[in-house]
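So you can see what is in the structure, the chains are spelled out below.
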Amino acid sequence: MMEKQATGIDLFDAITHGGLPQRHLTLISGAPGSGKTVLALQILAQSAHKHDERAVFVAFEECTSMLMDTSTGFDWNLAGLVDSHIAMVDADVNSFELASRSFDIGGLLATAQARAESMNASRVVFDGIDVLLGLLQDRRDAQRELYRLRAWLRETGLTIIITAKDENDTPLYGAYPGFLDYVADCVIHLGFRGTNRAELFQRSLQILKYRGSAHPSHPIPFVVTERGLELLCGSDIRFTHPVFLNRLPTGVKELDEMLDGGYLQGSSTLISGVPGTAKTTLASAFAAAAAARGEPTLLVSFDEAEDQIIRNVRSVGLDLSTPRDAGLLHIVSLRASGASAEQRFITIRRLIEDVQPRHLIVDPLSALVKASGEEVAGTVADELLVRCKQLGMTVIMTTLLGGAGAAEETDSHISTIADNWINLSYNILGGERNRALTVIKARGTAHSNQVRELILEHAGLRLEDVYTSGGSVLMGTARMEREHNERELERHRIEEHDRFVHELENGIHAMQEQQRELSRQLDKQEAALSAAIQSEAERQSERGGLHHSIRSSRSRSRTNDEQTSGEDC
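These figures come from a predicted structure and were not determined experimentally.

About the cut-offs
- Residues numbered from 1 in each chain as written.
- Predicted model: local features only at pLDDT ≥ 70, side-chain atom pairs only at ≥ 80, totals over all residues.
- Heavy atoms only, no water.
- Axes fitted to C-alpha atoms, helices over the stretch in contact; angles between N-to-C directions.
- Helix = DSSP H or I, 4+ residues; strand = E, 2+ residues; numbered from the N terminus.
- Parallel < 35°, antiparallel > 145°, perpendicular 65-115°, else oblique.
- Left-handed = near helix turned anticlockwise from the far one by under 90°.
- Contact = heavy atoms within 4.5 Å.
- Salt bridge = Lys/Arg side-chain N within 4 Å of Asp/Glu carboxyl O.
- Buried < 20%, exposed > 50% of the residue type's maximum accessible area, 1.4 Å probe, protein only.
- Core = buried A, V, L, I, M, F, W, Y, C linked by side-chain atoms within 4.5 Å.
- Patch = residues over 30% accessible without salt bridge, like charges linked within 9 Å, V, L, I, M, F, W, Y side chains within 5 Å.
- Areas by Shrake-Rupley, 256 points an atom, 1.4 Å probe, with all protein chains shown as cover.
- Phe/Tyr/Trp six-rings, centres within 6.5 Å; stacked < 30°, edge-to-face > 60°.
- Lys NZ or Arg CZ within 6 Å of the ring centre and 35° of its normal.
- Pairing = 2+ DSSP bridges.
- Polar contact = N/O pair within 3.5 Å; in protein donor to acceptor, adjacent residues only side chain to side chain.
- Expected span 1.5 Å × (residues − 1).

Peer 1: I'd like a rundown of the packing of helix α6 (residues 106–119) against helix α8 (residues 139–156), residues and numbers included.
Peer 2: Axis separation between α6 and α8 bottoms out at 11 Å; the angle between their running directions is 25°. One way to sum up the angle between α6 and α8 is to call them roughly parallel. Crossing geometry of α6 relative to α8 is assigned as right-handed. Facing Gly106, Leu109, Ala112 and Gln113 of α6, the residues of α8 in contact are Arg148, Leu149, Trp152 and Thr156.

Listed below in structure tokens is the structure:
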């Protein structure tokens, strides 16, 4: 297995699985001004800072004093590393010696080896070796010097980096195209790649060759900053990131209901729409809700200044000033036209490193298309989402669609990789323009397919319930007029109902009064009947007693008469 030596450039070491081949030859080629020398010096400086490695830098084209002057624009502190970690050597090639074929590289190699041994260096850079090869007049001479270099490499066990110019992807090593590519064990090409906009180019680093090691072969975008070459990506082909199940409120209650509870943590959401449809406002609602939960958020705006955003969303009841002052909301306003999409990506990546937010809002992402074209902007957006997902961050992006009738697609095609896609549009009816919201997609979420009216009020944002009439969704004044008419119809219906109920209640009351009167008459009749019956019973009782009394009296009279008759006899 090939041993590797780290460059100290983290993303480069990641994509090469460890760095450059140790004790082997690496070629860095590219057009003039592509960054070859910068990359070579950056490798030496970062290796010194991070791994305490020592190296020798041999300059064929520029004198070392000029290199030291130009390197002050980078934050490596190269001057502080010279002599302690990096030995700078000027290779003063005498053109007369070359013309007379009396020159060989042996003297330079001896000097470089002596310096390397004196400081225990492990790496040597030969910068601009094409200057030497271009002056040699014979192919055999060039081959001889390069083979001498390779033999010296094997003897010393040093790791060698050489830089050489090419132009329009055509090597200029004298009249011997491609010769260095065969000699080198690793070939790195720095170049410009045209985009779909003729005036725009993208800097890229491409590993054309790496013996004995897996490596990416596609061009990797980079920009030159005060840190040197900064690659846009450093991940391999595996797409791994943490997955969360908890949901985060969107800042709009009705939208939470449409998304089955809100955005999934760690997801990416694209909010698209034509100008004025409240994309920034909807994204700001999420920022305000996150701040209320105590979760730090980074908002990067390419459209408006920080204070302007705060003022504008205050009109709909959103307070971003308080969380900003509390350090929970960081708003950074950048001009999209002031730099390329790659540079903006690097800026956002650094902001994420510094702020370490839980959530990121980019408003609008489509501004990057204006800066660098669709192809580059798509690459940048993809890398940004991958980076944020790996960190478990929730991302809200807005993008501007082309017009009121724009199709449901975006210039950067980021809609294909975003987890959620919310589209804002205008519903124009009856001389009115009303905002409409629909959820086009929401991965891993049961979501509503309704088109709902987005209302901006002083108290905040809300979504109206879907109101249909004749198969069409009504919004704005048409909805209000229809609702008013229905309320009037309902009021008349209720009035008729109340009138009918009142009449029924009056009828029932009258019948109840009649019923009570009949009941009273019934009671009287029943009492009279009872009294009559009682009176008759009493009369019959009295009559029965009288008859008994008469009978008893007659019985006593007969008895007395019989007794009297007996006595007379």
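Peer 1: Tell me about the pattern of salt bridges, and please be specific about residues and values.
Peer 2: Scanning the model with the defined rule gives 25 salt bridges in all. The closest approach of N and O atoms between glutamate 230 and arginine 350, which form a salt bridge, is 2.1 Å. Taken together, the residues glutamate 230 in strand β12 (residues 228–231) and arginine 350 in helix α14 (residues 341–355) connect sequence positions 120 residues apart. Take glutamate 230: its relative accessible area is 9%, and that puts it in the buried class. Arginine 350 gets classed as buried once you look at its relative accessible area, which sits at 15%. Salt-bridge contacts for arginine 499 lead to glutamate 496; the nearest nitrogen and oxygen are separated by 2.5 Å. Separated by three residues within a single helix, arginine 499 and glutamate 496 lie in helix α17 (residues 476–568), roughly one turn from each other. Through salt bridges that share partners, Glu226, Glu230, Arg349 and Arg350 make up one connected network.

Peer 1: Could you give an account of the nonpolar core, naming the residues involved and the relevant values?
Peer 2: Ranked by size, the top nonpolar core spans 38 residues in total, and within it Phe12, Leu39, Phe57, Ile188, Leu190 and Leu205 carry the most contacts. In terms of residue count, helix α2 (residues 36–51) provides more of this core than any other element does, eight residues in total. Not counting chain neighbours up to four residues away, the residues in contact with leucine 190 comprise Ile28, Ser29, Gly30, Ala31, Ser34, Gly35, Lys36, Leu39, Ser204, Leu205, Phe222 and Leu229. With 34 residues, the next largest nonpolar core counts Phe60, Trp152, Leu153 and Leu180 among its residues.

Peer 1: Before we move on, could you go through a nonpolar patch on the surface and cite the residues and values that matter?
Peer 2: Together, Phe500, Leu504 and Ile508 give the surface a local cluster of nonpolar side chains, amounting to about 290 Å² of exposed area. Looking at where phenylalanine 500 falls in the secondary structure, it is placed in helix α17.

Peer 1: Provide a residue-level description of the packing of aromatic side chains, including the pertinent values.
Peer 2: Note on aromatic pairs: each is described by the distance of the centres and the angle between the planes. Per the counting criterion, the structure on display carries four aromatic pairs. Relative to phenylalanine 126, the ring of phenylalanine 60 lies with its centre 6.2 Å away and its plane at 40°, an arrangement referred to as tilted. Of this pair, phenylalanine 60 sits in the loop between β4 (55–59) and α3 (64–70) while phenylalanine 126 is found in strand β6 (residues 123–127), placing the two residues 66 residues apart along the sequence. Summarising the burial analysis for this pair, phenylalanine 60 and phenylalanine 126 share the class buried. Between phenylalanine 74 and tryptophan 76, the aromatic rings sit 4.4 Å apart at their centres with planes inclined by 5°, giving stacked as the arrangement. For the pair phenylalanine 74 and tryptophan 76, one class covers both residues: buried. An aromatic cluster of three or more residues is present, and its members are Phe60, Phe126 and Trp152. Taking the ring centre of tyrosine 210 as reference, the NZ or CZ of lysine 4 above it sits at 4.9 Å. When the ring centre of tyrosine 426 is taken as reference, the NZ or CZ atom of arginine 433 above it lies at 4.7 Å.

Peer 1: Pulling in residues and values, what's your account of the sheet that holds strand β18 (residues 359–363)?
Peer 2: Remark on secondary structure: sheet strands pair via backbone hydrogen bonds, oriented parallel or antiparallel. Strand order in the open sheet formed by nine strands is β17-β16-β18-β19-β15-β20-β21-β22-β23, with mixed pairing between adjacent strands. The strands lining the two open edges of the sheet, one partner per strand, are β17 (329–333) and β23 (460–463). Taken over all neighbouring pairs, the strand axes of this sheet differ in orientation by 20° on average, direction set aside. Relative to strand β19 (residues 394–400), β18 runs parallel, the two being bridged by four bridges. Note that in β19 the partner of leucine 360 across the bridge is valine 395. Here helix α11 (residues 279–292) sits on the sheet in contact with β15 (268–273), β16 (297–301), β17, β18, β19, β20 (420–429), β21 (432–442), β22 (452–457) and β23, set at roughly 165° to β19. Across the sheet, α14 is in contact with β16, β17 and β18; its angle to β16 comes to roughly 155°.

Peer 1: Give me unusual backbone geometry: which residues, what numbers.
Peer 2: With omega at -15°, the peptide bond leading from aspartate 363 into proline 364 counts as cis. With respect to the helices, strands and loops of the structure, proline 364 is situated in the loop between β18 and α15 (367–372). A positive phi angle, close to 55°, is found at asparagine 77, a residue other than glycine. You can see asparagine 77 is positioned in the loop between α3 and α4 (78–81). Positioned with a positive phi, alanine 278 is a non-glycine residue whose angle comes to about 80°.

Peer 1: Describe the side chain of threonine 398, naming the residues involved and giving the relevant values.
Peer 2: Within the secondary structure layout, threonine 398 lies in strand β19. A polar atom in the side chain of threonine 398 sits 2.5 Å from the side chain of aspartate 363. Setting aside chain neighbours within four positions, we find threonine 398 in contact with Leu270, Ile271, Lys279, Ala283, Val362, Asp363, Pro364, Leu365 and Ser366.

Peer 1: How would you summarise α2 if you had to cite specific residues and measurements?
Peer 2: In a regular helix each residue adds 1.5 Å, so 16 residues correspond to 22 Å; α2 covers 22 Å between its end C-alpha atoms and thus fits that length. Most of α2 sits out of view: 13 of its 16 residues are buried. Looking one or two residues past α2, aspartate 52 carries a phi angle of roughly 55°, positive in sign.

Peer 1: Before we move on, could you go through α8 and cite the residues and values that matter?
Peer 2: In this model, α8 (18 residues) spans 26 Å end to end at C-alpha, consistent with the 26 Å of a helix rising 1.5 Å per residue. Along α8, the residues classified as buried are Asp141, Ala142, Glu145, Leu146, Leu149, Arg150, Trp152 and Leu153. Note on α8: the residue one or two positions beyond its end, glycine 157, has a positive phi of about 75°.

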